[in-house]
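# A look at the structure
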Amino acid sequence: MSESLLLRDENSPYMVKANYKKLYEKFLEASKEGGLIIIDPGDTLRADAFSKYTTPSLANSYKEKALKEADELIGKILNHMNLSKDLFIALSPYPSSSDISKNNLITPVIVAGPSFSKGLAISNTTKREGIVTNLDIAPTILKYFNISPPIEMLGHPIKTIPSDNALSKLLKDDEMIVSVHNARTPILKGYASIFIILVILYIVLLFIKKDYLGYISPLLLAVITVPLTFLILPLLGPLNLYSNVIAIVLITIAIDLLVMLSSKKDLDRVMIISLITSFAILVDLVLHAPLMKNSLLGYDVISGARYYGIGNEYMGVLLGSLIMGTALFTEKYPKKIVKATTFLLFIAAFFLMVMPQFGAKVGAFITGFMAFGTVILMMSGVKITKKHFLIMFVLMAISLTLMFAISTFLGTMTHMAQTTLIVKAEGINSLFQIFARKLQMELKLMKYTIWSWVLVISIVALFVVSYKPTGVLQEAFKNHKYIYTGFFGSIVGMLFALGFNDAGIVAAATMCIYAIPPILLLLQKMKTMVRVNLA
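Before going further, it helps to examine the packing of aromatic side chains. Under the counting rule described, the total for this entry stands at 18 aromatic pairs. For the ring pair Y191 and F230, a centre distance of 5.7 Å and an interplane angle of 85° mean the geometry is edge-to-face. Within this pair, whereas Y191 is found in helix α6 (residues 166-208), its partner F230 is found in helix α7 (residues 213-232), the two being separated by 39 residues in sequence. When sorted by exposure, Y191 lands in the same class as F230, which is buried. Connected via pairs of aromatic rings, a cluster forms that spans F389, F477, Y484, F487 and F488. It is K76 that lies over the ring of Y24; its NZ or CZ is 5.7 Å from the centre.

This is the structure:
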């Protein structure tokens, strides 16, 4: 990098441009000794930065000129390289201003060289075809030079998956990713707000206008249905914000109408929706989450929090819907075969959340083990005590340690295995630092995310119905022990989700979507029965 590598040019942005002849000469000079050579002509950046000072047509001509001259330089460099032994990477580390205005923050990267074939890039960081992260560039270069990356390096070397239509797939995926990114925040905030309003309204009407509760019940059912709708929505392809909202409303109404026609009892309707939702998520996980990856309630690639497996939102949905759905089903059909089937479903869900090929989510391991374990014990007739919780926690810790060891032994580069390597290299203090970071993230989310309000309002609602009217909730649980079992297991899951996940408050809040409405509907039923008896 030097002023000597620039030329004065009155037909270029800022009246300067890269001296491509000298850049190529410098490349030839440096390539004699080999090593790592980085070239940044800078013209594409100057053209992009200058676009706000000129007309759109002139801005486009500057960008096209910069790209054409950069492409010619790349052609010369590639002609000099031997890709059977040399590694070549072309990338844009920062999006253009026009892409930023559209919230399209993904930038292109092209890799060629030994072990790379025509197709799509992928890495163990993302495990997603056509998507790698900026963290993966350094490990890719280090691997080429046979240098072991330091333990702290979070990225992984880029690999290739063969594909004949790579470009069309990338363009299609990019459109979907941007669509999800733009619609995710406003829609999820709106959805969470509706849930909060409905819970508050239901509590108020439960005590002052009980006759109006029948109008709210279908809305509660709709709120429970929406996570399933979010899972179905990607089948329609990329949609803008307003089209997403319309599609969500129509799909939710269609599902609820079918459920309401199939059953007349509110709790049975909740049971049906919960079970369908949990089964849909399990099937999606078996197929490596093609729907979840593009769901508004899944994860946002542009934000970069997660790329594969089950995220905190759907982890809470799966735990909540499966626990309450099976609890309601067992309440309706309290047979041994139903309980045995429930236990098998719990085991299947647990392994799909934690196995390395499906995501290896440590927080899901801890939360699922404790929540499912609690429900299994209670359905087996065990009265849960502090001793049982302690035994379960110890068994969970031992199982998790074994999972870490197996993951490391098999060489599966999951977060679990990487954490093990960090602890091995830096000692137990690194583990405490990870927990401290998780706690800081939790506190930050409590302050800024609307999901914290979902959790708070749910807790307040439970507190209110526990004491007003006196004894009704206890009586309801006494007469519906399996609903109580599902509710108690959900509470345990919420507590462990909060304590052992980066964004545990999100998982706890989405569990509330399935834990709270059945209790409200049960109380409505109890109060109706009390009123009938009094009459």
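Bringing a nonpolar patch on the surface into the picture now. Taken together, the side chains of L390, I391, V394, L395, I398 and L402 define a hydrophobic patch exposed on the protein surface, amounting to about 550 Å² of accessible area. The class of I391 is partly exposed, set by a relative accessible area of 42%.

Okay, the nonpolar core next. Counting residues in hydrophobic clusters, the biggest one holds 113 residues, and the most contacted among them are F230, I281, I310, Y314, M353, F372 and W451. Of all the elements, helix α19 (residues 504-534) adds the most residues to this core, at 16 residues.

We note that N146 has phi near 55°; this positive angle belongs to a residue other than glycine. When you line up the elements, N146 lands in the loop between α5 (137-144) and β6 (159-162). Given a relative accessible area of 73%, N146 falls into the exposed group. Here the phi dihedral of A289 falls at roughly 55°; this positive angle occurs in a residue that is not glycine. Structurally, A289 can be placed in the loop between α9 (266-286) and α10 (312-332).

In this structure, the second largest pocket occupies an estimated 480 Å³ of space. Taken together, 20 residues line the second largest pocket, and the ones lying closest to its centre are I194, A222, V226, V249 and T252. Where the lining of the second largest pocket is concerned, the elements lending two or more residues are α6, α7 and α8 (241-262). Sort the elements by how many residues they give to the lining of the second largest pocket and α8 lands first, with eight residues. Of the residues belonging to the lining of the second largest pocket, the class tally is 17 nonpolar, two polar and one charged.

Put simply, α10 and helix α11 (residues 336-354) touch, their axes get as near as 10 Å, and they point 175° apart. Considering their axes alone, α10 and α11 lie roughly antiparallel with respect to each other. When α10 is examined against α11, the residues M315, L318, L319, L322, I323, T326, F329 and T330 are found in contact with a partner set consisting of V338, K339, T342, L345, F346, A349 and M353. Looking at the contact of α10 with α11 residue by residue, the classes come out as 11 nonpolar, three polar and one charged.

With 21 residues, α9 should reach 30 Å at 1.5 Å per residue; the first-to-last C-alpha distance of 31 Å fits that figure. Looking one or two residues beyond α9, the residue adopting positive phi is H288, at roughly 70°.

With that settled, consider the packing of α7 against α9. Relative to each other, α7 and α9 sit at 10°, their axes nearing to 9 Å. As judged from the angle between their axes, α7 and α9 are roughly parallel. Contacts from S217, L221, I224, T225, L228 and L231 in α7 reach D266, R269, V270, I273, S274, I276, T277, A280, I281 and D284 in α9. When the residues that make up the contact of α7 with α9 are grouped by side-chain class, the tally is nine nonpolar, four polar and three charged.

What counts as what
Residues numbered from 1 in each chain as written. Predicted model: local features only at pLDDT ≥ 70, side-chain atom pairs only at ≥ 80, totals over all residues. Heavy atoms only, no water. Phe/Tyr/Trp six-rings, centres within 6.5 Å; stacked < 30°, edge-to-face > 60°. Helix = DSSP H or I, 4+ residues; strand = E, 2+ residues; numbered from the N terminus. Buried < 20%, exposed > 50% of the residue type's maximum accessible area, 1.4 Å probe, protein only. Lys NZ or Arg CZ within 6 Å of the ring centre and 35° of its normal. Patch = residues over 30% accessible without salt bridge, like charges linked within 9 Å, V, L, I, M, F, W, Y side chains within 5 Å. Areas by Shrake-Rupley, 256 points an atom, 1.4 Å probe, with all protein chains shown as cover. Salt bridge = Lys/Arg side-chain N within 4 Å of Asp/Glu carboxyl O. Core = buried A, V, L, I, M, F, W, Y, C linked by side-chain atoms within 4.5 Å. 1 Å grid on protein atoms, 1.4 Å probe; cavity = no way out; pocket = protein on both sides within 12 Å on 5 of 7 lines; lining within 4 Å. Points joined across faces, edges and corners; volume = space filled by probe spheres on them. Nonpolar A, V, L, I, M, F, W, Y, C, P; charged D, E, K, R; others polar. Axes fitted to C-alpha atoms, helices over the stretch in contact; angles between N-to-C directions. Parallel < 35°, antiparallel > 145°, perpendicular 65-115°, else oblique. Contact = heavy atoms within 4.5 Å. Expected span 1.5 Å × (residues − 1).

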